[in-house]
Every structure is written in C-alpha cells, then in structure tokens.
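# Report on the structure
Listed here are the chains, written in short residue letters.
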Amino acid sequence: MSKRFTSLALTAHPPAAGRHGRGRSRRVVAPVAAVCVLVAGAALTGCGQQRDADVYTVLNSSTDESYHRWDAEAMARCGKQLGVTIEQQSVPAAQVMTKALRMASSKSLPDIVQFDASEMPTFADAGGLTDLRSLGLSTDDIPDGIVDFGSYRGTYYGAARSVNTLALFYNKDVFDEAGVEVPTTWAELRETAKELTQGKRYGLALSAGGAEDGVFQFLPFMWSNGGDETDLDSPRVVEALDYWKALLGDGSLSKSTVNWTQADVNDQFMAGNAAMMINGPWQVETLNTDKSLHWGIAPIPVPGAGEDSVGPLGGAVLTVPNTGDEAREKTAGKIVACLSSEQEQLTYALNSWMVPANAEAAAVWRERVPELDSLADQVAVARSRTGKLGAGWSSVSLALQSAFQSALTGQSSETALKRAQQRATSGN
C-alpha cells in the first residue's frame, strides 16, 4: 500500500540532474506555505512594475557560456519572428526557484521561467503558473511521457525543448584491452567492474552524493528493480541500495562516491580513474574535448536479462507565470511555442546533445547523432520524478539523499531506508 506524503520543504536542486551538471550547489529550503503566499500574492495583484510592451524576459539557468549563447540566439530568432525583444536573466540552477520567489514577492515576475521539471510542480501547486494549452500550445507531437514531465495534476504547465536521462558510459580501449563485453545485467556489471578495477582505476564511477545528483543516479536502479518512490523501505528499494553497497564493498567504487557530483564523476572517467560511469548527455561536449578518449554508451544494466532499464527524465521546462496580465501571458505563450518548436528543439538538442521532446525532431536527431541512439531508447521508457508525487517529490529526494550517506558509510540499507520513509512521510 502506498503511503501518503506531505511536502513541507522545497529543494532547489543542483544543475546536474536538471541539465548540464556543472558545479556543486547547496540545497536551498523554503516552506511551501511561504511559496503559496508569495506566488498567490503575485498572481492576484498582477505585476507591480511598469514594463516595456515589446520587451519580454526569460528567467533561466543558462549560466554556462555555451548554453547562454545558444539560448540568446534562439530568443533572437523567435523575437524577430514575433516582433518583440526577448531577454534572458540567467542564474545557477539551484537559484531559479528562490529568484522566482523573490520576484513574485516584489510583483516583478518575468514573463517566462525555465524551471527544472522536478521543481515546476511546487510553483504550479501554489497557483503560480498558466495552463499552456489555454495559451494555444499543442502537445500533439509530444510523447505522453514528456507531456506528463511538463504537467501537474493533468494540466500542461511546462514545455520541454529537450529531455535527458542517464546511461552507462564506458572506455572502449579499456574494454578491448581486457577483452570484456559491455554489461547488460546487474550481475554482469558487478563482475565487469571488479575485473576492470586495477591500481588507481576503479571499475565504475557514479554519484551518490547528498544532493539531487545522487538521487537522479539511484533511480534507474530503484525503478528497474521494481522499487517505488511512495514506499522507500520496500524490499525492492533495499535491494537496489544493497547493490550499490556491494559495488562499494567489492572496491569497484571509490569511497569518494558519497561526495561526488555527476561533474566529478565525469572528471574521474576522463582522467582514466574509472573504466565506466553512470552519467548523462550533458557531459558529451566535455568528453569530446579529449580526442584520445574513445568512449561508448549503453543502457544502464538491469537486474535481469531482457528487462527495461527505467531511468528518470531530466531537463527543464518553459513556463508562463500567472501574473494577471493576460495580454503579456498570451505573447509569452507564443514565445514558449516558438522556443519549443520542432526546428528550435532540434537546433538546441544538436548543440547540447540532449534528446528533442518533439517526436519528429527526435527522429531526425537519431539520424544525426547515431552514437547516442541507445540514450534515445532510454528516454523512451524514462519516467518523471514528480509524476506520482508532484510537489511532494522534494521530501522524498531529501530523504533518499540522507539514506545514501548513511548506508554507504556503514548503516544497513534497511535501517537507512526505513528512516528515509519516515522522513518522507513526515516531511522532516
């Protein structure tokens, strides 16, 4: 039986799970009651600032030079098409929600906010977002799973330009030298990781840090094993965490795993300190800077042969805040429609190595980047982190983060996850 969750805290997640995974961020916690007051106040009273009628603002997390430039170019194209100027305000991913809340409190919300999809439900739950379908956006060419990714309680609030998930990256040269095959099951992964652990090189690198990075990386193991976010201390979830503990016990994982972000994992892989890693397509641009590194990509191994490797959908969604200014909201909707159009999605995805949300664009993407084809296969069966719990996901994430730290440093998985279930249920 599923247990009911009450969300009392909002977590601003680090950028790795949401998009491109550069850097480390502290968790920022704010009471949901405060979110509701701030957002509702902005929605009911409208915008407090006088705005230039032809200038529209997008709040996003495109702080990396490449992403900022790609977004600026897309906004320039859409602005020209719509006869408006579109400007972006970029802050680190962990600060998007807190920045939006401050702007809501001063009645100066931007016209569009790009939230990490795991955070969007909290703002939507407070009544702070506008139904994109009511602004004319269609979901006809978007797979159902990605529509759900941008929805809350059946209402479509967030348009994704691209999505991502995790996969198994491996060093082809190391595999060839050892004469081993790419693992497909947990048993094969454990055996291969042990065999490839030599000297300073570990067989596998992954992130089990006390942040959303670690949760994002644990979900493929939990979900593929039949575990569920509504029942964290179930035997299926315990088995998944025990599997991580076994890899650590074998010496196939570094003890530093409990501190690593996904960016740290990529650094270890590129330095030759890991033969395999769990990571996402946001690392491809960096991987390709080392021409001597020959890497491949495959689905994350599963408990039993032939089973689906079910990972989390990651990425951001474009939303239109409910400011009370219907005319600006309508134009903002047109901007979102342009930025998430098939051609713009394809351009963005080819730049960032993400998978387009639009089905037609994704088909073209597969042809253009066949080396990432298996990633597109994983996206096809991936799940939204907030699909079941909505705004309650933040409590589960925090509880799991604590469980990893405890279990991988000595506590039993069963005890750690029992405590996690209690924390998630109470919100403390």
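Attention here is on the structure that accompanies the text. (Residues numbered from 1 in each chain as written. Predicted model: local features only at pLDDT ≥ 70, side-chain atom pairs only at ≥ 80, totals over all residues. Heavy atoms only, no water.)

### Side note on the overall build of the protein chain
Threshold: Secondary structure counts use DSSP, requiring at least four H or I residues in a row for a helix and at least two E residues in a row for a strand, with both numbered from the N terminus. The rule is simple: take the accessible area with a 1.4 Å probe, protein chains only, and divide by the maximum for that residue type; under 20% is buried, over 50% is exposed, in between is partly exposed. Contacts are residue-level and defined by heavy atoms, with any inter-residue pair within 4.5 Å sufficient. Every accessible area reported is derived by Shrake-Rupley at a probe size of 1.4 Å, with residue values counting cover from the shown protein chains alone.
When its secondary structure is counted, the protein chain shows 18 helices and 14 strands. Residues classed as buried in the protein chain amount to 59% of the 428 residues present. A sequence separation of at least 24 residues applies to 76% of the contacts in the protein chain between residues at least 6 apart. Accessible surface computed for the protein chain: about 16600 Å², of which carbon and sulfur atoms make up 47%.

### Some thoughts on helix 10 (residues 235–250)
Put simply, the test is: Multiplying one less than the number of residues by 1.5 Å gives the expected span of a helix.
For helix 10, spanning 16 residues, the distance from its first C-alpha to its last is 22 Å, which sits close to the expected 22 Å at 1.5 Å a residue. All buried positions along helix 10 are accounted for by Val237, Val238, Ala240, Leu241, Tyr243, Trp244, Ala246 and Leu247. For helix 10, the secondary structure elements touched by its buried residues are helix 8 (186–196), strand 10 (202–205), helix 9 (212–224), helix 17 (393–407) and helix 18 (413–426). Where helix 10 ends, the next residue or the one after it, Gly251, has phi of about 85°, a positive value.

### Points about the packing of aromatic side chains
Condition: The aromatic pairing rule takes the rings of Phe, Tyr and Trp, using the six-membered ring of Trp, and pairs them if the centres are within 6.5 Å, calling planes under 30 degrees apart stacked, those over 60 edge-to-face and the rest tilted.
In total, this model carries 13 aromatic pairs according to the counting rule given. Plain terms: the ring middles of Tyr67 and Trp70 are 5.0 Å apart, the flat faces sit at 65° to each other, and that makes the pair edge-to-face. Residue Tyr67 and its partner Trp70 are both found in helix 3 (residues 65–82); the two are separated by three residues, about one turn of the helix. Trp70 shares its class with Tyr67; the two are buried. Their ring planes at 40° and their centres at 5.6 Å tell us that Phe169 and Trp295 sit as a pair that is tilted. Placement of the pair is Phe169 in strand 9 (residues 167–171) and Trp295 in strand 12 (residues 295–298), with a sequence separation of 126 residues.

### Focus on a negative patch on the surface
To keep it simple, the criterion reads: The patches reported here contain residues having more than 30% relative accessible area and no salt bridge. Joining distances are 9 Å for like charges and 5 Å for nonpolar side chains (Val, Leu, Ile, Met, Phe, Trp, Tyr). By definition, a salt bridge exists where a carboxyl oxygen of Asp or Glu is found within 4 Å of a side-chain nitrogen of Lys or Arg. Charged residues are defined narrowly, with Lys and Arg counted positive, Asp and Glu counted negative, and His plus the chain ends left uncounted. One atom stands in for each charge, and that atom is NZ of Lys, CZ of Arg, CG of Asp or CD of Glu.
On the surface, a cluster of negative charge is made up of Asp140, Asp141, Glu342 and Glu360. You can see Asp141 is positioned in the loop between helix 5 (120–125) and helix 6 (144–149).

### Some thoughts on the packing of helix 10 against helix 18
The line we're drawing: Note on geometry: axes are lines fitted to C-alpha atoms, helical ones only across the stretch in contact, with angles between N-to-C directions running from 0 to 180 degrees. Each angle is binned into one of four classes, with values under 35 degrees roughly parallel, values over 145 roughly antiparallel, values of 65 to 115 roughly perpendicular, and all other values oblique. Definitions for this section: a left-handed crossing has its near helix turned counterclockwise from the far helix by less than a right angle. A right-handed crossing has that turn clockwise. For this scheme, ten residues count as nonpolar: Ala, Val, Leu, Ile, Met, Phe, Trp, Tyr, Cys and Pro. Four count as charged, namely Asp, Glu, Lys and Arg, and the remainder, Gly too, count as polar.
The interhelical angle for the contact between helix 10 and helix 18, taken along N-to-C directions, is 130°, at an axis separation of 9 Å. It follows from the interaxial angle that helix 10 and helix 18 lie oblique. Every pair of crossing elements has a handedness; the one defined by helix 10 and helix 18 is right-handed. Seen from helix 10, the contacting residues are Val237, Val238, Leu241, Asp242 and Lys245; seen from helix 18, they are Ser413, Glu414 and Leu417. Here the residues of the contact of helix 10 with helix 18 sort into four nonpolar, one polar and three charged.

### With respect to the nonpolar core
Short version of the rule: Side-chain atoms within 4.5 Å are what join buried Ala, Val, Leu, Ile, Met, Phe, Trp, Tyr and Cys residues into a set we call a nonpolar core.
Phe115, Phe169 and Trp295 are the most contacted members of the largest nonpolar core, which totals 73 residues. Tallying contributions element by element places helix 4 (residues 96–105) first for this core, with six residues. Excluding its chain neighbours within four sequence positions, the residues that come into contact with Trp295 are Phe169, Tyr170, Lys172, Phe269, Val284, Leu287, Asn288 and Leu372. One finds Trp393, Leu400, Phe404 and Leu417 within the second-largest nonpolar core, a separate group that totals 54 residues.

### Digging into the pattern of salt bridges
In total, this model carries 12 salt bridges according to the counting rule given. Between Lys388 and Asp228 there is a salt bridge, with the nearest N and O atoms lying 2.3 Å from each other. Of this pair, Lys388 sits in the loop between helix 16 (373–381) and helix 17 while Asp228 sits in the loop between helix 9 and helix 10, and the two are 160 residues apart along the sequence. For Asp228, a relative accessible area of 15% translates into the label buried. Among the charged side chains, a network of salt bridges with common partners joins Asp116, Glu212 and Arg385.

### Considerations on the sheet that holds strand 5 (residues 112–116)
Counted only if it meets this: Whether two strands pair comes down to DSSP finding at least two bridges between them.
The strand order across the open sheet built from four strands is 4-3-5-13, with neighbouring strands paired in mixed fashion. Two strands bound the open sheet, and with one partner strand each, they are strand 4 (85–90) and strand 13 (316–319). When the angles between neighbouring strand axes are averaged without regard to direction, this sheet yields 20°. Along the sheet, helix 3 contacts strand 3 (55–60) and strand 4; its crossing angle with strand 4, the most-contacted strand, is approximately 160°.

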